[in-house]
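Observations on the three-dimensional arrangement
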Amino acid sequence: MPAPLPLDPIAEAHRQWAAHGWGEVADGMAAVTSVMRAQQIMMARVEEVLKPFGLTFARYELLTLLHFTRTGALPMAKASARLQVHPTSVTNAVDRLETAGLVRRTPHPSDRRATLVELTDEGRALAVETTEKLNAEVFARPGVPDDQLETLLRILAGLRRDAGDFDTGGDPTRW
């Protein structure tokens, strides 16, 4: 990990935005840039845990999604929708996981056009093992004080909802 910078580059960018006449949007620029940098930091922590298992976060998400289903299988299109990624990304993840023996493709029992992706016993075991490791090393200490997590989650849920990420149709959500 590189040494910390002697100044906050986002605060400096904010100062420069204002100095160049963009002060009215400097806070927005700082917010967007801060969220993007926070995502990079969190992703690095997650991938550090997953790398010894030969997984990327995308592959881990798919294994975990399948583990959470009743049958351990989903149509590829449904997996794509639930993970909110392009179908090509799911195909790529399935290809790699299948090569590793963690999932298999099977014909859909009632739709000849669809293919199911199904968790193998090895995939199920790895989903549990990696989740336990992530819980202990990342999720238990996400880098935000416990008393601020609820506020952060509420803010991010609002951003996601307003961006069209989900629509509960007026039903209340957790945040």
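Before reading further, recall that the structure is shown in the block above.
Throughout what follows, the structure given in this document is the object of discussion. (Residues numbered from 1 in each chain as written. Predicted model: local features only at pLDDT ≥ 70, side-chain atom pairs only at ≥ 80, totals over all residues. Heavy atoms only, no water.)

What follows deals with the overall build of the chain. Of the regular secondary structure elements, the chain holds 7 helices and 3 strands. Along the chain, helices (α) and strands (β) appear in the sequence α-α-α-β-α-α-β-β-α-α when read from the amino end. The C-alpha atoms of the chain give a radius of gyration of 20 Å, which is well past the 16 Å a tight globule of 175 residues would have. For the chain, the proportion of its 175 residues judged to be buried stands at 26%. As displayed, the chain offers around 12100 Å² of accessible surface, 58% of which is attributable to carbon and sulfur atoms. Computing the positive centroid from 20 side-chain charges and the negative centroid from 23, the chain places the two 5 Å apart. (Helix = DSSP H or I, 4+ residues; strand = E, 2+ residues; numbered from the N terminus. Rg over C-alpha atoms; globule rule 2.2 N^0.38 Å. Buried < 20%, exposed > 50% of the residue type's maximum accessible area, 1.4 Å probe, protein only. Areas by Shrake-Rupley, 256 points an atom, 1.4 Å probe, with all protein chains shown as cover. Lys, Arg positive; Asp, Glu negative; His and termini not counted. Charge placed at Lys NZ, Arg CZ, Asp CG, Glu CD.)

Overall, antiparallel pairing links the 3 strands, which are arranged S1-S3-S2 in an open sheet. On the outer flanks of this sheet lie strand S1 (73–75) and strand S2 (103–107), each paired with one strand and no other. Recorded for the sheet is a direction-independent mean angle of 30 degrees between the axes of neighbouring strands. As defined by bridge partners, S2 adjoins strand S3 (residues 115–119) across 5 bridges and the pair is classed as antiparallel. (Pairing = 2+ DSSP bridges. Axes fitted to C-alpha atoms, helices over the stretch in contact; angles between N-to-C directions.)

A few words on helix H7 (residues 146–162). The terminal C-alpha atoms of H7, which comprises 17 residues, lie 25 Å apart, in line with the 24 Å expected from a rise of 1.5 Å per residue. Just beyond H7, the residue with positive phi is Gly164, at close to 90 degrees. (Expected span 1.5 Å × (residues − 1).)

In this structure, Gln84 takes a positive phi of about 60 degrees despite not being glycine. With respect to the helices and strands, the residue Gln84 is situated in the loop between helix H4 (76–83) and helix H5 (87–99).

Turning our eyes to something else, we now look at the pairing of S3. Where a strand is regular, its side chains alternate between the two sheet faces. In the sheet, S1 pairs with S3 via 3 bridges, with the strands oriented antiparallel. Looking across to S3, one finds that Pro75 is bridged to Leu116.

The next thing to look at is the packing of helix H2 (residues 23–50) against helix H6 (residues 121–139). Relative orientation of the contacting elements H2 and H6 amounts to 140 degrees, with a least axis distance of 10 Å. One finds that H2 runs oblique with respect to H6. Once H2 is placed against H6, the crossing between them reads as right-handed. Facing H2, whose interface residues are Arg45, Val46, Val49 and Leu50, H6 presents Thr130, Lys133, Leu134, Glu137, Val138 and Phe139. Here the contact of H2 with H6 is composed, by residue class, of 6 nonpolar, 1 polar and 3 charged. (Parallel < 35°, antiparallel > 145°, perpendicular 65-115°, else oblique. Left-handed = near helix turned anticlockwise from the far one by under 90°. Contact = heavy atoms within 4.5 Å. Nonpolar A, V, L, I, M, F, W, Y, C, P; charged D, E, K, R; others polar.)

Interpretation in functional terms is not warranted from these geometric data alone.
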